[in-house]
Amino acid sequence: MSGASTPAPGRLETVRRFVNTLDIESGSDALTTPSELSAWLTAAGLASGARAGADDLARAVAVREALREALAANHDRAPIPAAALAVLNDAAARARLTATLTPSDGWRPRPSAGGVDGALGGLLALVGDAMADGTWARLKVCVDDTCRWAFYDESRARSGRWCSMQVCGNRAKQRAWRGRRAESTS
Ligand SMILES: [Zn+2]
């Protein structure tokens, strides 16, 4: 779904918006051409005029879907699936993410590469920052398989499952209700 869902704090919102460039439910994808990718990365402040090619687009989409897998794993505090981990580590290597001493936040990953590789590395650096400050574990994707929209879980128990209680949460409840009703009448 592409309606209201809670934004993530600070620059982690950029990661959430990147994952949500694909709206699975409506099938609309904001990253279908290299120039759309270039424009998105520049608007997000990750690249200054980096010109993407077809290979860059394929890699960016792979990173996006690997991030989606990682966010799905956040529900159960499960490990990031191996295939997603491989994609993210490959992108980090291409970006030459390097531990860099920052003025107030200690050592943080920062990309040394330029271009689209560096821009994707900048995105992964935001993931590293969020892991360090504890906000990463709250960034999730909706458990509804037809949705998988990224949202920030603000619930106290960190138990949020849907991007929106009103839409996907209700849909799941209605399904459960119909299931119970079918059982009791059979
Ligand atoms: Zn949803």
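What counts, and where the lines are drawn
Residues numbered from 1 in each chain as written. Predicted model: local features only at pLDDT ≥ 70, side-chain atom pairs only at ≥ 80, totals over all residues. Heavy atoms only, no water. Helix = DSSP H or I, 4+ residues; strand = E, 2+ residues; numbered from the N terminus. Rg over C-alpha atoms; globule rule 2.2 N^0.38 Å. Buried < 20%, exposed > 50% of the residue type's maximum accessible area, 1.4 Å probe, protein only. Areas by Shrake-Rupley, 256 points an atom, 1.4 Å probe, with all protein chains shown as cover. Lys, Arg positive; Asp, Glu negative; His and termini not counted. Charge placed at Lys NZ, Arg CZ, Asp CG, Glu CD. Axes fitted to C-alpha atoms, helices over the stretch in contact; angles between N-to-C directions. Parallel < 35°, antiparallel > 145°, perpendicular 65-115°, else oblique. Contact = heavy atoms within 4.5 Å. Phe/Tyr/Trp six-rings, centres within 6.5 Å; stacked < 30°, edge-to-face > 60°. Lys NZ or Arg CZ within 6 Å of the ring centre and 35° of its normal. Core = buried A, V, L, I, M, F, W, Y, C linked by side-chain atoms within 4.5 Å. Pairing = 2+ DSSP bridges. Donors = N, O, S within 2.8 Å, 3.2 Å for Na, K, Ca; no water. Tetrahedral: all angles 85-135°; square planar, octahedral: opposite > 155°, others 65-115°.

**What about the overall build of the chain?**
Then comes step 1: Scanning the chain from N- to C-terminus turns up six helices and six strands.
Then comes step 2: N-terminal to C-terminal, the α/β element order of the chain is α-β-β-α-α-α-β-β-α-β-β-α.
Then comes step 3: The globule rule puts the C-alpha radius of gyration for 186 residues at 16 Å, and the 18 Å found for the chain is close to it.
Then comes step 4: Overall, the chain is about 65 × 35 × 30 Å in size when its C-alpha atoms are taken along their principal axes.
Then comes step 5: A buried classification covers 44% of the 186 residues belonging to the chain.
Then comes step 6: Approximately 9,700 Å² of the chain is accessible, and the part contributed by carbon and sulfur atoms is 53%.
Then comes step 7: For the chain, the separation between the mean place of its 24 positive charges and that of its 20 negative charges on side chains is 5 Å.

**A word on the packing of helix α1 (residues 12-19) against helix α3 (residues 54-73)**
The description of two helices packed together rests on the angle between their axes and the distance between the axes.
Then comes step 1: Two elements in contact, α1 and α3, have axes whose closest approach is 9 Å; the angle formed by their N-to-C orientations is 110°. Taken together, the axis directions place α1 and α3 in an arrangement best described as roughly perpendicular. Contacts between α1 and α3 involve Val15, Phe18 and Val19 from the first element and Ala60, Val63, Arg64, Leu67, Arg68 and Leu71 from the second.

**A closer look at the packing of aromatic side chains**
Then comes step 1: This model, assessed by the stated rule, comprises one aromatic pair.
Then comes step 2: If you follow Arg161 out to its NZ or CZ, it ends over the ring of Trp162, 5.4 Å from the centre.

**Let's talk about the nonpolar core**
Then comes step 1: Ranked by size, the top nonpolar core spans 38 residues in total, and within it Val15, Phe18, Leu67 and Trp136 carry the most contacts.
Then comes step 2: Among the secondary structure elements, those contributing two or more residues to this core are α1, α2 (34-43), α3, α4 (82-94), α5 (115-133), β5 (139-141) and β6 (150-152).
Then comes step 3: Of the residues forming this core, the biggest block, eight residues, is contributed by α5.
Then comes step 4: With residues near it in sequence (within four places) discarded, Val15 still touches Leu67, Leu123, Leu126, Val127, Trp136 and Leu139.
Then comes step 5: Core analysis: the second largest hydrophobic core is formed by six residues, Cys142, Trp149, Phe151 and Cys163 among them.

**Details of the pairing of strand β4 (residues 106-111)**
Then comes step 1: Inspection of the sheet shows strand β3 (residues 97-102) paired to β4 by six bridges, in the antiparallel sense. Across the sheet, Thr102 pairs through a bridge with Gly106, a residue of β4.
Then comes step 2: What sits between the antiparallel neighbours β3 and β4 is a turn of three residues.

**Some thoughts on the coordination of the zinc ion**
Then comes step 1: Within the protein, Cys142 (SG), Cys147 (SG), Cys163 (SG) and Cys168 (SG) serve as the donor atoms for the zinc ion, at 2.3 Å.
Then comes step 2: One way to put it: the four donor atoms around the zinc ion meet at angles of 102 to 119°, and that makes the site tetrahedral.
Then comes step 3: Between the donor residues of the zinc ion, the gaps in sequence give the motif C-x4-C-x15-C-x4-C.
Then comes step 4: Judged by relative accessible area, Cys142 falls into the buried class, the value being 2%.

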